[in-house]
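Understanding the architecture of this molecule
Take a look at the letters that make up each chain.
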Amino acid sequence: MKVDVLTLFPDMFSAVMSESMMWKARDRGLLDFRARDIRDFAQDKHRQVDDSPYGGGGGMILKPDVLVRAIESVKGDADTPVILLSPQGRKLTHAVAAELSRLPRLILVCGRYEGVDERVRDLAISDEISIGDYVLTGGELAAMVLIDAVVRLIPGVLGAEGAQHRDSHADGLLEGPHYTRPPEFRGMGVPDVLTSGHHADVERWRRQGALKRTWQRRPDLLASAELSDEDRAYLAGLEAGKAD
Ligand code: 4G0
């Protein structure tokens, strides 16, 4: 996958894009990432990228000529998605990340200030995505969140361990509890089943842990999760015991 990010702060991406998973993805030829400086596409002598809004009021707006020139210069192919990170976009979910992970090419646009000139949306933006209902000072952190969520789903980026992990998330449930050594920590032990060596029992315990945690914390997720008859029976038991 080739990913170009258009930003006023390209240096913000260097640490995140060179950590372990990103480095592996790039090293294995699965990710070709580039952060490009929007200011390089300003043509006046002050390299101005923003201006005050028509109609008055505070704040600054990214200039449409500079931003559209930047997008067109990296775009090439007509059907390459150009995604603006914005609080007004469709919400980023596992399903959206999975959809994007199947594409060969992404262009991400990071706005700042009060936003971008509306004509940029009309002319050059094909999709608008939000990482959640809050405002950031710029789209850069949102772009990095999106890239991380997408790149880890590209086949071959994570090892065999990762594939299993993905499967357990693709089923729409939260993860249950996990333990590692030592066997006793500050007086707290580890569930016996995990050291029993009975693989099927461990799997059932994990499944029930995931169901219980989802039921406790995010019951809304259960409506769209893929549930077996055994899962439903376990959840019915939790509901029945809710009083105690
Ligand atoms: C474009 C994304 C970019 C428009 C970006 C703000 C939060 C998110 C920005 C705006 C961002 C998110 C209209 C305020 C930059 N903040 N939730 N800030 N407006 O994904």
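Preceding block: the structure.
Keep in mind that this is a model prediction, so the values were computed, not measured. (Residues numbered from 1 in each chain as written. Predicted model: local features only at pLDDT ≥ 70, side-chain atom pairs only at ≥ 80, totals over all residues. Heavy atoms only, no water.)

The next point concerns the site of the ligand. Not every one of the 16 residues close to the ligand is listed here, only the nearest: S130, I131, G132, Y134 and L136. Backbone polar atom of G132 to a nitrogen atom of the ligand: 2.8 Å apart, as the coordinates give it. L136 has a polar backbone atom sitting 2.9 Å from a nitrogen atom of the ligand. Protein contacts shield 93% of the accessible area of the ligand, which totals 470 Å² for the unbound molecule. With four residues, the single largest contributor to the shell around the ligand is strand β5 (residues 82–91). Looking at the shell around the ligand residue by residue, the classes come out as seven nonpolar, eight polar and one charged. (Near = heavy atom within 4 Å. Polar contact = N/O pair within 3.5 Å; in protein donor to acceptor, adjacent residues only side chain to side chain. Areas by Shrake-Rupley, 256 points an atom, 1.4 Å probe, with all protein chains shown as cover. Helix = DSSP H or I, 4+ residues; strand = E, 2+ residues; numbered from the N terminus. Nonpolar A, V, L, I, M, F, W, Y, C, P; charged D, E, K, R; others polar.)

Turning our eyes to something else, we now look at the environment of F13. Inspection of the secondary structure assignment puts F13 in the loop between β1 (2–7) and α1 (20–27). Separated by 36 residues in the primary sequence, F13 and V49 have C-alpha atoms spaced 20 Å apart.

Let us now look at the packing of aromatic side chains. Inspection of every chain in the model, using the stated rule, returns one aromatic pair. Centre to centre, the rings of F13 and F33 are 5.9 Å apart; their planes meet at 35 degrees, and the pair counts as tilted. Remark: F33 occurs in strand β2 (residues 32–37) and F13 occurs in the loop between β1 and α1; sequence separation between them is 20 residues. F13 gets classed as buried once you look at its relative accessible area, which sits at 1%. (Phe/Tyr/Trp six-rings, centres within 6.5 Å; stacked < 30°, edge-to-face > 60°. Buried < 20%, exposed > 50% of the residue type's maximum accessible area, 1.4 Å probe, protein only.)

The subject of this paragraph is α1. Of all the positions in α1, only M21, M22 and A25 are classed as buried. The buried residues of α1 occupy an angular sector of 95 degrees when the element is viewed end-on, so they sit on one face. Opposite its buried face, α1 presents the exposed residues W23 and D27, each directed more than 90 degrees away. Residues of α1 that are buried in the fold lie against α5 (140–151). Of the residues trailing α1, G29 is marked for its positive phi of about 75 degrees. (Arc of directions from axis to C-beta. Contact = heavy atoms within 4.5 Å.)

Moving on, we come to the pattern of salt bridges. According to the stated counting rule, one finds 19 salt bridges in the structure shown. The salt bridge involving R112 is made with E140; its shortest N-O contact spans 3.0 Å. Of this pair, R112 sits in the loop between β6 (105–110) and α4 (118–124) while E140 is found in helix α5, placing the two residues 28 residues apart along the sequence. According to the relative accessible area criterion, R112 is buried, its value standing at 15%. Between D171 and R207 there is a salt bridge, with the nearest N and O atoms lying 3.0 Å from each other. Taken together, the positions of D171 in the loop between α6 (160–170) and α7 (199–217) and R207 in helix α7 put the pair 36 residues apart, joining distant regions of the chain. A network of salt bridges, in which partner residues are shared, links K2, D4, R36 and R105. (Salt bridge = Lys/Arg side-chain N within 4 Å of Asp/Glu carboxyl O.)

Below, the discussion takes up the sheet that holds strand β7 (residues 127–130). The sheet built from five strands is open, its strands ordered β2-β1-β6-β5-β7 with parallel pairing. A single partner strand is all that each edge strand has here, and the edge strands are β2 and β7. Direction aside, the axes of adjacent strands within the sheet are offset by 35 degrees on average. By the bridge criterion, four bridges tie β5 to β6 in an arrangement that is parallel. Directly across from L85, in β6, lies its bridge partner C110. Contacts between helix α2 (residues 64–75) and the sheet are confined to β1, β2, β5 and β6, with β6 contributing the most and set at about 165 degrees to the helix. (Pairing = 2+ DSSP bridges. Axes fitted to C-alpha atoms, helices over the stretch in contact; angles between N-to-C directions.)

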